[in-house]
Amino acid sequence: NAELIPIAEGSTANAVGIRLTPRKGVRVDVAQVDLWYDRDTLLPTEIHTMNDANNSRLVYLMKHRVDEEVDDQVFSVKEPAERGWRVDVREWDDE
């Protein structure tokens, strides 16, 4: 499920938030994930997760770099050559 998160009263943040929660009956380790985005750039600025035991984790995303060259190797889907990886390759089924 997804819902917009209202900005706290008095906040000067130029952000919009969305809260993601699992559907009823779906068992996952995370109870909710709050994602915050800058309204001007639409870049993510903050991620806040909470698990079923009410333990939370907060990550701030800063110093974004836009339109920089990215090495094609970053997007490689080649199987890892290092030991310790288990690779599971399956045919795509779009049905």
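Keep in mind it's a predicted model, so treat the numbers as computed, not measured.

Section: the environment of Val 30
Looking at where Val 30 falls in the secondary structure, it is placed in strand β3 (residues 30–38). Of the residues examined, Val 30 reaches a relative accessible area of 32% and is grouped as partly exposed. Taking the C-alpha atoms as reference points, Val 30 and Ser 76, separated by 46 residues in sequence, lie 29 Å from one another. Dropping the residues within four chain positions of it, Val 30 is found in contact with Pro 22, Thr 49, Met 50 and Asn 51.

Comments concerning the sheet that holds strand β2 (residues 15–20)
The 5 strands lie next to each other as β1-β2-β3-β4-β5, forming an open sheet whose pairing is antiparallel. With one partner strand each, in any of the chains shown, β1 (2–5) and β5 (56–60) form the two edges of the open sheet. Shown here is a sheet whose adjacent strand axes are inclined to one another by a mean of 15°, direction ignored. Sheet topology note: the strand β4 (residues 44–51)/β5 ladder contains 5 bridges and is antiparallel. In the sheet register, Glu 46 faces β5, and the bridge partner there is Tyr 60.

Notes on the environment of Glu 46
The residue Glu 46 is located in strand β4 in this model. On the accessibility criterion, Glu 46 (21% relative accessible area) is partly exposed. Once the C-alpha coordinates of Glu 46 and Leu 35 are considered, the two residues, 11 residues apart in sequence, prove to be 6.0 Å apart. The contacts of Glu 46, once residues within four sequence positions are left out, are Asp 34, Leu 35, Trp 36, Leu 58, Val 59 and Tyr 60.

Thoughts on the pairing of β3
The pairing of β2 with β3 spans 6 bridges and is antiparallel. Paired with Leu 20 across the strands is Val 33, a residue of β3. Relative to β4, β3 is paired through 7 bridges, and the arrangement is antiparallel. Within the sheet, the bridge partner assigned to Leu 35 lies in β4 and is Ile 47. Remark: 5 residues form the turn of the hairpin made by β3 and β4, two consecutive strands paired antiparallel; Leu 42 in that turn has positive phi of roughly 65°.

Description of the pattern of salt bridges
Under the definition given, this model contains 4 salt bridges. Asp 52 is paired through a salt bridge with Arg 27; the nearest N and O atoms lie 2.5 Å apart. Here Asp 52 is found in the loop between β4 and β5, whereas its partner Arg 27 is found in the loop between β2 and β3, with 25 residues between them in sequence. Under the relative-accessibility criterion, Arg 27 is labelled exposed at 69%. One salt bridge in this structure joins Asp 88 and Arg 90, with 2.7 Å as the shortest N-O distance. We classify Arg 90 as exposed; its relative accessible area is 68%.

Reading guide: rules and limits
Residues numbered from 1 in each chain as written. Predicted model: local features only at pLDDT ≥ 70, side-chain atom pairs only at ≥ 80, totals over all residues. Heavy atoms only, no water. Helix = DSSP H or I, 4+ residues; strand = E, 2+ residues; numbered from the N terminus. Buried < 20%, exposed > 50% of the residue type's maximum accessible area, 1.4 Å probe, protein only. Contact = heavy atoms within 4.5 Å. Pairing = 2+ DSSP bridges. Axes fitted to C-alpha atoms, helices over the stretch in contact; angles between N-to-C directions. Salt bridge = Lys/Arg side-chain N within 4 Å of Asp/Glu carboxyl O.

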